[in-house]
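Fold and geometry: a report
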Amino acid sequence: MDKKIFVTQSSMPTYEEYIEIIKPLWDTRWLTNMGVYHDQLTENLKEYLKVPNISLVSNGHMALELAIQAMDLPKGSEVITTPFTFISTTHAIVRNGLQPVFCDINDKDFTIDVTKIEGLITENTSAIVPVHVYGNLCDVDAIQKIANKYNLKVIYDAAHCFGVEKNGIGVGNYGNASCFSFHATKVFNTIEGGAVTFTDQTIGEKLYNLKNFGIRSEEMVVSVGANAKLNEFQAAMGLCNLKHIEEEIAKRKNIVAYYRENLKNVNGISLVSSDSELKSNYAYFPILVNNGKRNLLYDTLRNNGIFSRKYFFPLTADQFCFNNRYCNSKIYTARNVSDRVLVLPLYADLQFDDVNRICNLIEEII
Ligand SMILES: *Cc1c(COP(=O)(O)O)cnc(C)c1O
């Protein structure tokens, strides 16, 4: 059997590079609680993401959960979001005591269908939580217009979107907050980790309290908070990985171009077009499989040691844990895409030979 190819492989610095950076921690014994590396990474990420403010947290999910909490939305109010996402997005809404209202996605880039948002707004709607799926930017201008008109908060799930820019503007600049994930499987990782970017500094104060028990001084706890701090070993991994990020993304770009070249004439699948104005991060390579053959393709690739992912299937709205509690009708495009999509292996060190093997198999199977 040929070697196994997984859907992703975590980026890491060399062993020596990481050991070198963590060595001083044995002297300082400052392992967490906004240490030197935490603060350095904060500054470096502000610059790289081109954002005015950023708050680092323990993972992408806590970024979402705390960013939503920081908006002080009325308990039980409705939040418009999409079901074509990782379960974390929906969980973050529900765990805040809010009601997810599922809006359909568009069939171009699988982000929220902005023509369908207004029809879902009621007097109980308090926010919109859109997702920049696969690194594709939502229609941020249309969303902001609606938010202004109805006085809604906008919290973006930007977990797929590290480093993405449009016309030189970093994705983290839109809405009231944007939430990033630095999980091991993402384009940029701190092992586990995440961040919230925002423009209004009062959000920063709230986030700080929420991620550090509300502690402001030795004897003063100003509010009820959780613990979602990013520790020094995570921050050190981030500092190393950030040094190599351009090279990582460039490698991904070459692999995506090679996939596209190999697959462009294969009947029975569709490639997802890319927005030419976007500085992409090449986070994922999704294809749509026609004629009901998605599961066949997934299974056959798997039997050949190639692990693709049905990302995102099932839709979060249909997940067992929600037991049809939230309205999940009228999400036709999301259902259609979810039944056809397959994300192919993509990571910086994926070899062209491997891409050849994957593409040849796809052609055979389809
Ligand atoms: C990865 C991811 C998250 C959660 O991030 P973690 O760092 O794993 O907690 C949330 N939303 C989306 C779309 C993701 O891909």
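Our structure's up above, just so we're on the same page.
Together, Phe-213, Ile-215 and Val-221 give the surface a local cluster of nonpolar side chains, amounting to about 250 Å² of exposed area. Within the fold, Ile-215 resides in strand S10 (residues 215-217).

It is worth spelling out the pattern of salt bridges at this point. Under the definition given, this model contains 15 salt bridges. We note a salt bridge from Lys-3 to Asp-354, for which the minimum N-O separation is 2.9 Å. Here Lys-3 is found in the segment before helix H1 (15-22), whereas its partner Asp-354 is found in helix H12 (residues 352-365), with 351 residues between them in sequence. Here Lys-3 falls in the partly exposed class, since its relative accessible area comes to 49%. Put simply, Asp-72 and Lys-206 hold a salt bridge, and the shortest N to O gap is 2.8 Å. Note that Asp-72 is positioned in the loop between helix H4 (60-70) and strand S2 (78-81) and Lys-206 in helix H7 (residues 201-211), a separation of 134 residues in sequence. According to the relative accessible area criterion, Asp-72 is exposed, its value standing at 54%. Taking relative accessible area as the criterion, Lys-206 reaches 33% and is therefore assigned partly exposed. Connected through salt bridges with shared partners, the residues Lys-50, Glu-165 and Lys-279 form a single ionic network.

Let us now look at the side chain of Asp-113. As for its placement among the helices and strands, Asp-113 is situated in the loop between strand S3 (99-102) and strand S4 (125-129). A polar contact of 2.6 Å, which involves the side chain of Asp-113, links it to the side chain of Thr-115. Every residue in contact with Asp-113, bar those within four places of it in the chain, is listed here: Cys-103, Asp-104, Ile-105 and Asn-106.

Here we take up the state of the cysteines. The full count for this structure, using the stated rule, is zero disulfides. Between Cys-103, a cysteine without a disulfide, and Cys-138, which holds the nearest cysteine sulfur, the sulfur-to-sulfur distance is 11 Å. Residue classification places Cys-103 among the buried positions, given a relative accessible area of 0%. The structure places no disulfide on Cys-138, whose sulfur is separated from the nearest cysteine sulfur, that of Cys-161, by 8.0 Å.

Close contacts around the ligand come from 16 residues, with Gly-60, His-61, Asp-157, Ser-181 and Lys-186 the closest. Within the side chain of Ser-181, an N or O atom sits 2.7 Å from an oxygen atom of the ligand. Contact with the protein chains removes 93% of the 380 Å² of surface that the ligand exposes when unbound. Comparing atom positions with the cavity grids shows the ligand to sit within the largest pocket. Mapped onto the shell around the ligand, the elements with two or more residues apiece are H4 and helix H5 (87-94).

Once that is clear, we can look at the nonpolar core. Counting residues in each nonpolar core, the largest one holds 73 residues, and the members touching the most others are Phe-84, Ile-117, Tyr-134 and Phe-162. Ranked by the residues each element gives to this core, the list is headed by helix H8 (residues 232-243), at six residues.

The final tally for this structure, using the stated rule, is one cavity of 30 Å³ or more. Space inside the largest cavity adds up to approximately 50 Å³. Taken together, Ala-159, His-160, Cys-161, Phe-162, Ser-181, Lys-186, Val-187, Phe-188, Asn-281, Ala-283 and Tyr-284 make up the full set of residues lining the largest cavity. A breakdown of the residues in the lining of the largest cavity according to their chemical character gives seven nonpolar, three polar and one charged.

As a further point, take the sheet that holds strand S5 (residues 153-157). Read across the sheet, seven strands follow the order S1-S9-S8-S5-S4-S2-S3 without closing on themselves; strand pairing throughout is mixed. On the outer flanks of this sheet lie strand S1 (53-57) and S3, each paired with one strand and no other. For this sheet, the mean angle separating the axes of adjacent strands, direction not counted, is 25°. Relative to strand S8 (residues 177-181), S5 runs parallel, the two being bridged by three bridges. Each bridged residue has a counterpart across the sheet, and for Tyr-156 the counterpart in S8 is Ser-178. In the packing of helix H3 (residues 36-49) onto the sheet, the strands contacted are S1, S8 and strand S9 (194-198), and the crossing angle to S1 comes to about 130°. Together, S1, S4, S5, S8 and S9 form the strand contacts of H4, whose direction differs from that of S8 by roughly 165°.

Attention now moves to the packing of aromatic side chains. If you walk through the whole model with that rule in mind, you get 17 aromatic pairs. With a centroid separation of 5.0 Å and an interplanar angle of 80°, the aromatic rings of Phe-182 and Phe-188 are classed as edge-to-face. Each of the two residues, Phe-182 as well as Phe-188, counts as buried. Seen from their ring centres, Tyr-259 and Phe-285 are 4.6 Å apart, and the 10° between their planes marks the pair as stacked. One end of the pair, Tyr-259, is in helix H9 (residues 245-263); the other, Phe-285, is in strand S14 (residues 285-289), and 26 residues separate them in sequence. Among the aromatic residues, those joined into a cluster by ring pairs are Phe-84, Phe-110, Tyr-134, Tyr-284, Tyr-311 and Phe-312. Residue placement shows Arg-294 over the ring face of Phe-313; its charged tip is 4.9 Å from the ring centre.

Our focus in this paragraph is the sheet that holds strand S6 (residues 165-166). Sheets are built from strands paired through backbone hydrogen bonds, the pairs being either parallel or antiparallel. Strand order in this open sheet of three strands is S7-S6-S13, and the pairing throughout is antiparallel. Across the chains shown, the open sheet's two edge strands, defined by having one partner strand only, are strand S7 (169-170) and strand S13 (278-279). Pairing of S6 with S13 involves two bridges; the strand directions are antiparallel. Following the sheet pairing, Glu-165 is matched in S13 by Lys-279.

Rules used in this analysis
- Residues numbered from 1 in each chain as written.
- Predicted model: local features only at pLDDT ≥ 70, side-chain atom pairs only at ≥ 80, totals over all residues.
- Heavy atoms only, no water.
- Patch = residues over 30% accessible without salt bridge, like charges linked within 9 Å, V, L, I, M, F, W, Y side chains within 5 Å.
- Areas by Shrake-Rupley, 256 points an atom, 1.4 Å probe, with all protein chains shown as cover.
- Salt bridge = Lys/Arg side-chain N within 4 Å of Asp/Glu carboxyl O.
- Helix = DSSP H or I, 4+ residues; strand = E, 2+ residues; numbered from the N terminus.
- Buried < 20%, exposed > 50% of the residue type's maximum accessible area, 1.4 Å probe, protein only.
- Polar contact = N/O pair within 3.5 Å; in protein donor to acceptor, adjacent residues only side chain to side chain.
- Contact = heavy atoms within 4.5 Å.
- Disulfide = S-S within 2.5 Å.
- Near = heavy atom within 4 Å.
- 1 Å grid on protein atoms, 1.4 Å probe; cavity = no way out; pocket = protein on both sides within 12 Å on 5 of 7 lines; lining within 4 Å.
- Sits in = over half its atoms within 2 Å of the grid points.
- Core = buried A, V, L, I, M, F, W, Y, C linked by side-chain atoms within 4.5 Å.
- Points joined across faces, edges and corners; volume = space filled by probe spheres on them.
- Nonpolar A, V, L, I, M, F, W, Y, C, P; charged D, E, K, R; others polar.
- Pairing = 2+ DSSP bridges.
- Axes fitted to C-alpha atoms, helices over the stretch in contact; angles between N-to-C directions.
- Phe/Tyr/Trp six-rings, centres within 6.5 Å; stacked < 30°, edge-to-face > 60°.
- Lys NZ or Arg CZ within 6 Å of the ring centre and 35° of its normal.

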